[in-house]
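The residues making up each chain are set out below.
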Amino acid sequence: METTPYLIVGGGLTADAACGGIREQDGDGRIVVVGDESHAPYSRPPLSKALWKGAGESTIWRDTAELGVELRLGRRIVELDLGRHEARDSKDETYRYDKLLLATGGRPRRLPFGGDGVVYFRTLDDYRRLRGSADAGAHFCVIGGGFIGSEIAAALALSGCRVTMVFPDAGIGARIFPPQLSLALNDYYRDRGVELLPRGSVTGIAARGDGAIVTLGDGRSVQADAIVAGIGMEPSVELATDAGLPVRNGIIVDAYGCVGGREDVFAAGDVARFPLPPFASDMRVEHEDHAKSHGRRVGANMAGARVPYEHLPFFYSDLFDLGYEAVGELDSRVETLSDWTGLTGEATFTYLDSERRPRGVLLWNRFGRLDAARHMILGGEPMLASAGTGAHPAPVG
């Protein structure tokens, strides 16, 4: 059995970025990537954004193999032997490695009913399945009003489909958006033809002809041709848990991506819980910027760079003609400062901790200000304006 210097478990965007980071330090060391999808690494954000606005699938591929990487696709690692530096996959092939990266990402949370009749949107195959139904003019029931649910509902409506959204909160994006923004989004989506059923708890899904009936806890129901759900993610930590590595809603890593103090086992991307010194805490992030930046830095560290990860990642979204960028921690339960004037205008929302220090910034329809927002958060200076003044941070607004 040949030993590979670098074995990467997971075939997504983080794995691709890690390969790039390794190649910055080691131009020809053997890299093997084992991924459970049958596709080579690709970018996920276009699946709910650009591909619904005319971009072709050719735009999503990461061209990982061009880095001289061996891709073992359509299989998953099922067992690790950290002592022997070995991993076994679902086709019973064993790999021996010097350095191991767990880039296992996460999987969608599932409802306890509905089975395969529900599309839990995450992969290219999910997009293709949804696109086929959309092209046929289906009526969709979208379960969830968060990041994925809001994007998919907008994409389907833009494609001319009838869309009904069901979500448990009062407004779209209510977990991260301030109430005035969240409720204004409700009105905006209705104006764009989307039927909304807020404060709706799904209690059952039953097949009906070629479609299904979605039943809510208050007795309401939705009959739809297709159902898509975006109700959150769970980090894929089973391999780490079984191997005795530290796990707490993610695989715990240090600033270099090392797991459990080991210098031969790393984790990165969605699955990793990493330290964030400005917040004196750790966090786990499930967005593209983090997958790319953390993956690349940890990959470089696998190959000897030894540079800490200090990046504060951002995320973004497109909702019909609206858009936003955000950095840091967004929580609608905390105090915010803003210059909000309306949904279609530009606005900055700054999220404060109990000592009135900025923890997160939402740039609504306002672009090119991420660096200033990040600088303000990392500075950690308390903000003196009261929440009702409409004040916002001068460097960002």
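Located above this text is the structure these notes cover.
Residues numbered from 1 in each chain as written. Predicted model: local features only at pLDDT ≥ 70, side-chain atom pairs only at ≥ 80, totals over all residues. Heavy atoms only, no water.

Peer 1: Sorry if this is basic, but what is going on with the sheet that holds strand β17 (residues 251-252) here?
Peer 2: In a beta sheet, neighbouring strands are held together by backbone hydrogen bonds and run either parallel or antiparallel to one another. The strand order across the open sheet formed by three strands is β17-β19-β20, and the pairing between neighbours is mixed. One side of each edge strand has no neighbouring strand; the edge strands of this open sheet are β17 and β20 (281-283). Bridge count for strand β19 (residues 272-276) against β20 is three bridges, and the pairing is antiparallel. From the neighbouring strand, F274 faces β20, where its bridge partner is M283. (Pairing = 2+ DSSP bridges. Helix = DSSP H or I, 4+ residues; strand = E, 2+ residues; numbered from the N terminus.)

Peer 1: Please explain the pairing of strand β2 (residues 31-35) as it appears in this structure.
Peer 2: The side chains of a regular strand alternate between the sheet's two faces. Within β2, five of the five residues are buried, which leaves it mostly tucked inside the rest of the structure. Of the two faces of β2, both are covered, the one formed by I31, V33 and G35 as well as the one formed by V32 and V34. Bridge count between strand β1 (residues 3-9) and β2: four bridges; the pairing is parallel. Each residue of the ladder has a partner; that of L7, found in β2, is V32. Each parallel crossover has a hand, and for β1 linked through helix α1 (residues 13-25) to β2 it is right-handed. (Buried < 20%, exposed > 50% of the residue type's maximum accessible area, 1.4 Å probe, protein only. Right-handed = clockwise from strand over helix to strand, strands pointing away.)

Peer 1: Is there a simple way to explain empty space enclosed by the protein in this structure?
Peer 2: To find the voids left in a structure, one rolls a probe of water-molecule size over its atoms. Taken as a whole, this structure holds two cavities of 30 Å³ or more when the rule is applied. Approximately 50 Å³ is the volume found for the largest cavity. Considering the residues around the largest cavity, the lining is formed by S48, K49, W52, K53, E151, A154, A155, L158, D318, L319 and F320. Elements with a contribution of two residues or more to the lining of the largest cavity: α3 (147-158) and β21 (314-319). The element contributing the most residues to the lining of the largest cavity is α3, with four residues. (1 Å grid on protein atoms, 1.4 Å probe; cavity = no way out; pocket = protein on both sides within 12 Å on 5 of 7 lines; lining within 4 Å. Points joined across faces, edges and corners; volume = space filled by probe spheres on them.)

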